[in-house]
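Structural overview for review
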Amino acid sequence: MEATAKTIARDSDRRRWIALFVVCLGQLMIILDTTIVNVALPSIQSDLHFSQSSLTWVIDGYLITFGSLLLLAGRLGDLFGRKRIFLLGVAAFVAASILCGIAPSGTTLVAARFLQGAAAALASAVVIAIIAVEFPEPADRAKAMSLYTFVIAGGASLGLLLGGVLTEAINWHWIFFVNLPIGAVAYFMGRALIAENEGIAAGERIDWLGSVLITASSIALIYALIKIPEWGWTSGRTLGLAGIAGALLAGFIALESRIANPIMPLRILGLRSLVTANLVRGFLVTGAYSTFFLGALYFEHVRGMTPVQIGLAFLAMSVSLAAMSSGLSARLVERFGPKRTLVVGIAGPVLGLLLFSQIGQSTPYFPTIFISLALLGIGFGAANPPLMMTAMEDVPAKDAGLASGTIQVSIQLSAAIGLAALGTVATDRTNALKTAGESATQALSDGYHLAFLIAAGAAAVGILIALFALEAPTAKEIENEIDEGAPVGIEAAGAERAERLAA
């Protein structure tokens, strides 16, 4: 009997680690799409006869639906089952990718990109919740979050490289068709391996009005953010959309505080660990993650690199991040605790960005650029797992999907704000230097350098918030909970998993 119980436990443990691979595979497919399309934009424009202004909708359409539906998608996972929502998102993403790949016109491609963004929100919003519930023990959760971190950052680098190779070697259609085998594996393995949570919507009336309000508010805000570089921060359209977003959000909060079955229970905002961790993440993403895209532009426009060369250049970040994700980050969390690991981790991007801001047009790749990118990778790899662990620390199991959605929203909104703000800073600085008589290339380089310096400052603010406002378990507390066999975070997660084992 005891041997049978051990065998069941061992098989279940193996299943959840393979399931982790599956959800990360689905996340990889989505992350690849965020960068792989950028590389192919010139080819898409030429083939489908986009104007310069309409071409932006290939990116904007995806970002609008993706960012706007994350909160709703996360809550739908809590209500109807996270496995079900994840698989629905993966299947819809594959279908939308096929539509993108065979699109005969620009209008069709943009419409398919809207659908692709909505599908990405469904799949991505519940991934962190699935991981957190499957891995309630702190040591295992740190390892799982390390792998998830590697997929996020490594997939972005791979997207640049793969996009360049596919576009140059075949054609742009294949940047979408590459999603088919990845999505198929994730879907069928996910059906077999991912454990389903019991949805809490049975017999209850769904808050569809709240869903419409929060989605409409998000659409207005995200559209305003991505159009800031074109419209300006204080233009009537920007302020008008921001005002509409604020009014819809106020109506949403008023509604949620009065009804018995809100789509977003306001109690989630009272979880200090979640709110503070999202704030820290926001400054880290604003400063460091958004610089990934500005860095790619810097390599292209200042140093004249091809898409393939840019992808290879960023491998320094991907490889160093992979080294942290192989278990080193988890061991650091176990030894020093999430807070210390997080603070030291964020210092990596700060130093890397400061170094990157000093790179000249003729600076060789080794050692300066290599070291700066490696510091970014090491810092991301060290900082993200403890951030994820701390954010989910006090979240009830029934709200895990919603909490997962708020994490994804903090990433998307911070990236949009960061790109808008840093892009505007770089452009204004470049134009001022051109007016003063500097060469176009030098002015462009100096504009990016200023953006990188500000990005380093934003990440440094994240360190201050983590030091003085973030509450996280200490290394001793984690060690005690491991010794006692008690799960950290998500109340009832361990019990939920134990019930599945017994069944």
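Residues numbered from 1 in each chain as written. Predicted model: local features only at pLDDT ≥ 70, side-chain atom pairs only at ≥ 80, totals over all residues. Heavy atoms only, no water.

Here the focus is the pattern of salt bridges. Should their charged atoms come close, side chains of opposite charge can pair. Tallying each qualifying case throughout the model produces 12 salt bridges. The shortest N-O distance in the salt bridge between Asp-399 and Arg-267 comes to 2.9 Å. Taken together, the residues span a long stretch of sequence, with Asp-399 in the loop between helix H17 (365–391) and helix H18 (400–435) and Arg-267 in the loop between helix H12 (236–256) and helix H13 (272–301) at a distance of 132 residues. Look at Asp-399 and you get buried, because its relative accessible area is 1%. The class of Arg-267 is partly exposed, set by a relative accessible area of 43%. A single salt-bridge network, built from bridges that share partners, covers Arg-75, Asp-78, Arg-82, Arg-267 and Asp-399. (Salt bridge = Lys/Arg side-chain N within 4 Å of Asp/Glu carboxyl O. Helix = DSSP H or I, 4+ residues; strand = E, 2+ residues; numbered from the N terminus. Buried < 20%, exposed > 50% of the residue type's maximum accessible area, 1.4 Å probe, protein only.)

The predicted model of the chain averages 85 in pLDDT, with 90% of residues at 70 or higher. Note on residues 485–503: pLDDT under 50 across the span, and 45 contacts to partners over four residues away in sequence or across chains. (pLDDT = per-residue confidence, 0-100. Contact = heavy atoms within 4.5 Å.)

This next bit is on a nonpolar patch on the surface. A grouping of Leu-351, Leu-354, Leu-450, Leu-453 and Ile-454 is seen on the molecular surface, where their side chains present a nonpolar patch of about 390 Å² in accessible area. Residue contributions to the nonpolar patch peak at 3 residues, all from helix H19 (residues 440–469). Within the secondary structure layout, Leu-450 lies in helix H19. (Patch = residues over 30% accessible without salt bridge, like charges linked within 9 Å, V, L, I, M, F, W, Y side chains within 5 Å. Areas by Shrake-Rupley, 256 points an atom, 1.4 Å probe, with all protein chains shown as cover.)

Judged by nonpolar contacts, the single largest core of 121 residues is most densely connected at Phe-86, Ile-131, Phe-299, Phe-314, Ile-346 and Leu-373. Looking at this core element by element, the count peaks at 12 residues for H13. In contact with Phe-86, not counting residues within four places along its chain, are Val-22, Val-23, Gly-26, Leu-122, Ala-123, Val-126, Val-127, Ile-130 and Ile-194. Counting residues in hydrophobic clusters, the runner-up holds 19 residues, among them Ile-36, Leu-48, Leu-55 and Ala-103. (Core = buried A, V, L, I, M, F, W, Y, C linked by side-chain atoms within 4.5 Å.)

Turning to the environment of Phe-176, a few remarks are in order. If you trace the backbone, Phe-176 turns up in helix H9 (residues 174–177). What makes Phe-176 buried here is its relative accessible area of 0%. Taking C-alpha positions, Phe-176 is 6.8 Å from Ile-98, a pair spaced 78 residues apart along the chain. Excluding anything up to four places from it in sequence, Phe-176 contacts Asp-33, Val-37, Ser-97, Cys-100, Gly-101, Leu-109, Arg-113 and Gln-116.

For the rest of this paragraph, the subject is the packing of helix H4 (residues 70–80) against H18. Where H4 meets H18, the closest approach of the two axes is 7 Å, and the angle between their N-to-C directions is 165 degrees. By the angle between their axes, H4 is roughly antiparallel relative to H18. The two elements H4 and H18 cross, and the hand of that crossing is right-handed. Facing Leu-70, Leu-71, Gly-74, Arg-75 and Asp-78 of H4, the residues of H18 in contact are Ala-400, Gly-401, Leu-402, Gly-405, Thr-406, Gln-408, Val-409 and Gln-412. Its residues placed into classes, the contact of H4 with H18 shows 5 nonpolar, 6 polar and 2 charged. (Axes fitted to C-alpha atoms, helices over the stretch in contact; angles between N-to-C directions. Parallel < 35°, antiparallel > 145°, perpendicular 65-115°, else oblique. Left-handed = near helix turned anticlockwise from the far one by under 90°. Nonpolar A, V, L, I, M, F, W, Y, C, P; charged D, E, K, R; others polar.)

So, about unusual backbone geometry. Note: most peptide bonds trans; most residues except glycine with negative phi. Cis geometry marks the peptide bond from Phe-366 to Pro-367; its omega dihedral reads 0 degrees. Relative to the helices and strands, Pro-367 resides in helix H17. Of note in the backbone geometry, His-49 takes a positive phi value of approximately 60 degrees without being a glycine. Inspection of the secondary structure puts His-49 in the loop between helix H1 (2–48) and helix H2 (52–55).

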